[in-house]
Amino acid sequence: MDNGASSYLRFLKGDDNALAEIINEYSDGLIIYLNTITANYADAQDSAEDTFVKLVTKKPKYNGKATFKTWLYTIGRHVAVDNMRKKYRHHEIIGESTDTDYINLENEFIRDEDNKLLHKAIKSLSAEYRQVLYLTYFEGMTAGEVSAVIGKSSKATQSLIFRARQALKKQLERDGFEYENS
């Protein structure tokens, strides 16, 4: 079991400190991932918070078929999509956030210049491409794990990742990125 899974098991057995461990370990990455869906930092924060509230109130069963992070991000994705549906029903407009908290979090999470350039190029792509590239590059998930999070078949996910990488390559080249000679 990975750290998140063992912490969640301890939480289910009544250890409230284990929930704090999960939140400390996964909240920043979850918020940044959810921002690829919501395109609004405040909404991403709310959805991440709702995800952790769901862990506390519903105590969903973790079956170990995927990594804990994959399982948690899948729950977060469903929560974010549900929140967006509710928001659309109330005729609110979802737009890009320029919140300084998000910018600070993003800068902490993405440390070196190459990753900043990569992140900037990813932000210019479609939401679907942003999601799979974020999960692949920044969260280090395999295609199978990404498939579980986004709810698509393995073959469809592999194709989506391939197309996203091609689009990213074109965007990086437009932005003046030069590949190192091997």
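Look up: the structure comes first, before these words.
Residues numbered from 1 in each chain as written. Predicted model: local features only at pLDDT ≥ 70, side-chain atom pairs only at ≥ 80, totals over all residues. Heavy atoms only, no water.

**Section: the packing of aromatic side chains**
So, step 1. Following the criterion strictly, the structure yields 10 aromatic pairs and no others.
So, step 2. By the ring-pair criterion, three or more aromatic residues cluster together here, those being Tyr8, Phe11, Tyr26, Tyr62, Phe68 and Trp71. (Phe/Tyr/Trp six-rings, centres within 6.5 Å; stacked < 30°, edge-to-face > 60°.)

**Focus on the nonpolar core**
So, step 1. Counting 47 residues, the largest nonpolar core has Tyr33, Phe68, Tyr73 and Leu135 as the members making the most contacts within it.
So, step 2. When contributions to this core are tallied by element, the ones reaching two or more residues are helix 1 (3–12), helix 2 (16–38), helix 3 (41–57), helix 4 (68–89), helix 6 (113–123), helix 7 (127–138), helix 8 (143–150) and helix 9 (154–174).
So, step 3. If one sorts the elements of this core by residue count, helix 2 sits on top with 10 residues. (Core = buried A, V, L, I, M, F, W, Y, C linked by side-chain atoms within 4.5 Å. Buried < 20%, exposed > 50% of the residue type's maximum accessible area, 1.4 Å probe, protein only. Helix = DSSP H or I, 4+ residues; strand = E, 2+ residues; numbered from the N terminus.)

**Observations regarding the packing of helix 3 against helix 4**
So, step 1. Direction vectors running N to C along helix 3 and helix 4 enclose 120°, while the axes themselves pass 9 Å from each other. Taken as axis vectors, helix 3 and helix 4 run oblique relative to one another. In terms of crossing hand, the pair formed by helix 3 and helix 4 is right-handed. Of the residues in helix 4, those in contact with Asp43, Ser47, Asp50, Thr51, Phe52, Lys54 and Leu55 of helix 3 are Trp71, Leu72, Ile75, Gly76, Val79, Ala80, Asn83 and Lys87.
So, step 2. Class assignment for the residues of the contact of helix 3 with helix 4 results in 7 nonpolar, 4 polar and 4 charged. (Axes fitted to C-alpha atoms, helices over the stretch in contact; angles between N-to-C directions. Parallel < 35°, antiparallel > 145°, perpendicular 65-115°, else oblique. Left-handed = near helix turned anticlockwise from the far one by under 90°. Contact = heavy atoms within 4.5 Å. Nonpolar A, V, L, I, M, F, W, Y, C, P; charged D, E, K, R; others polar.)

**Some details on the pattern of salt bridges**
Any two side chains of opposite charge can pair if their charged atoms end up close together.
So, step 1. A full pass over the atoms with the stated rule returns 6 salt bridges.
So, step 2. Close ionic contact of Glu139 with Lys69 constitutes a salt bridge, the shortest N to O distance being 2.6 Å. On the criterion of sequence distance, the pair formed by Glu139 in the loop between helix 7 and helix 8 and Lys69 in helix 4 is long-range, its members being 70 residues apart.
So, step 3. Under the relative-accessibility criterion, Glu139 is labelled buried at 10%.
So, step 4. What makes Lys69 partly exposed here is its relative accessible area of 22%. (Salt bridge = Lys/Arg side-chain N within 4 Å of Asp/Glu carboxyl O.)

**Section: the packing of helix 2 against helix 4**
So, step 1. Where helix 2 meets helix 4, the closest approach of the two axes is 10 Å, and the angle between their N-to-C directions is 45°. One finds that helix 2 runs oblique with respect to helix 4. With respect to the hand of their crossing, helix 2 and helix 4 are arranged in right-handed fashion. Counting all contacts with helix 2, which are made through Ile22, Tyr26, Gly29, Leu30, Tyr33, Leu34, Ile37 and Thr38, the residues of helix 4 involved are Phe68, Lys69, Leu72, Tyr73, Gly76, Arg77, Ala80, Val81 and Met84.
So, step 2. For the contact of helix 2 with helix 4, a count of residues per class yields 12 nonpolar, 3 polar and 2 charged.

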